[in-house]
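# Descriptive structure summary
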Amino acid sequence: MYRIMKAENLVESIYLMEVEAPLIAKSCKPGQFVIAKIDERGERIPLTICDYNREKGLITIVFQVVGASTYRMAGLKAGDAFRDFTGPLGQPSEFTAEPLEELKKKKLLFVAGGVGTAPVYPQVKWLKERGIEADVIVGAKTKDILILEEQMKEVAGNLYVTTDDGSYQRKGMVTEVIKDLIENEGRHYDVCIAIGPMIMMKFVCLLTKGYDLKTIVSLNPIMVDGTGMCGACRVSVGGKTKFACVDGPEFDGHLVDFDGAMKRQQLYKTEEGRAYLKAKEGDTHSGGCELDQKGGDR
Ligand code: NAD
Ligand code: FES
């Protein structure tokens, strides 16, 4: 069992939990995720690692209620426990393997959209701990659902917050801030890392392609086993099939087939769509998975 040490409702349907998982906390790196199960019969829920404390053996997760399982999860309190908490899963962020001296020469731009702010935070924090300050853009639909602003302020070089409706700080989507920084303020970046809703990552990539700016995205397709066996999380990258849970979740955004990935995500939401995937992809499509497994939790 994995004990919940802290449970907090951040805003509206977004929750933060600290979970006792010393082995994961000991070895996880930015970019990785976990899969949690509330009880024996519960769904497997993929979750972003938002932070970790190696000394205390704690993992911080942030999730949004998107279906029955995450709704149940939101009802858990400090003192409750998860039946299973598996991880760290997936590949760490590419930059964590780069020689530090090389990395220090690079100018990094992070683009975080909505709940995608949670997986961006440990990456920016990891860099800050190594003396590298990255620029960070955080976008939220409106002020009331902006998360982790104070935490991000402490680790970012420059933080640019924007809201779609202009209720706080800048007005407009994250893409407008990227354009402003590069075209009007003359900023130069070597790498952009964009994490958020699929549609945001698609449009960030369309924009950065025009600037010839390498862009990494973190994909969160439907996941079931998280071990590369079921095929549920398949995505097309550079014309090749990849499994986000083991090959990713981070990929070169300029090579990702976002339209295909979004279509697949939609198909998983209906019985008819899952039957179609089963006919097209065979048993490896994992169409038997439940509706809550639509990847929206992370
Ligand atoms: P949202 O819809 O509120 O969007 C967040 C921000 O993204 C917006 O404020 C805007 O700045 C930007 N954005 C949205 N659409 C855009 C577009 N067409 N062009 C340019 N920018 C755009 O985000 P949300 O409701 O928090 O998102 C939830 C989604 O994020 C879920 O589908 C979830 O699966 C996904 N998510 C992904 C990850 C990941 O690892 N990739 C992590 C957490 C959540
Ligand atoms: Fe990736 Fe099953 S979740 S292959």
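As a reminder, the structure under discussion sits directly above these lines.
Residues numbered from 1 in each chain as written. Chains lettered and ligands numbered in written order. Predicted model: local features only at pLDDT ≥ 70, side-chain atom pairs only at ≥ 80, totals over all residues. Heavy atoms only, no water.

### Some thoughts on empty space enclosed by the protein
Which parts of space are left empty comes out when a probe the size of a water molecule is rolled across the atoms. Which entries qualify depends on this criterion: Two kinds of site are reported from a 1 Å grid over the protein atoms alone, namely cavities, where a 1.4 Å probe fits but cannot get out, and pockets, open sets with protein on both sides within 12 Å along at least five of seven lines, and residues are called lining when an atom falls within 4 Å of a point. Grid points are joined across faces, edges and corners, and a volume is the space filled by probe spheres set on the points. Only runs of H or I of at least four residues qualify as helices and only runs of E of at least two qualify as strands under DSSP, and these elements are numbered from the N terminus.
Evaluation of the coordinates by the stated rule reveals three cavities of 30 Å³ or more. If you add up the space inside the largest cavity, you get close to 100 Å³. What lines the largest cavity is Ser 93, Glu 94, Phe 95, Glu 98, Leu 103, Lys 106, Leu 108, Val 191, Ile 193, Lys 214, Ile 216 and Glu 250. Elements with a minimum of two residues in the lining of the largest cavity: β12 (191–195) and β13 (214–218).

### Observations concerning the sheet that holds strand β2 (residues 14–20)
Under the convention used in this document: DSSP calls a pair of strands paired once it identifies at least 2 bridges connecting them. Note on contacts: a residue pair is in contact if any heavy atoms of the two residues lie within 4.5 Å. To get an axis, fit a line to the C-alpha atoms, keeping to the stretch in contact for a helix; angles then go from 0 to 180 degrees between the N-to-C directions.
Strand order in the open sheet formed by seven strands is β6-β1-β2-β5-β4-β3-β7, and the pairing between neighbours is antiparallel. The sheet is open, and its two edges are formed by β6 (81–82) and β7 (84–89), each paired on a single side. The pairing of strand β1 (residues 2–11) with β6 spans two bridges and is antiparallel. Following the sheet pairing, Tyr 2 is matched in β6 by Phe 82. The sheet contacts of helix α4 (residues 117–129) involve β4 (45–53) and β5 (58–64), and relative to β4 the element is tilted by about 30°.

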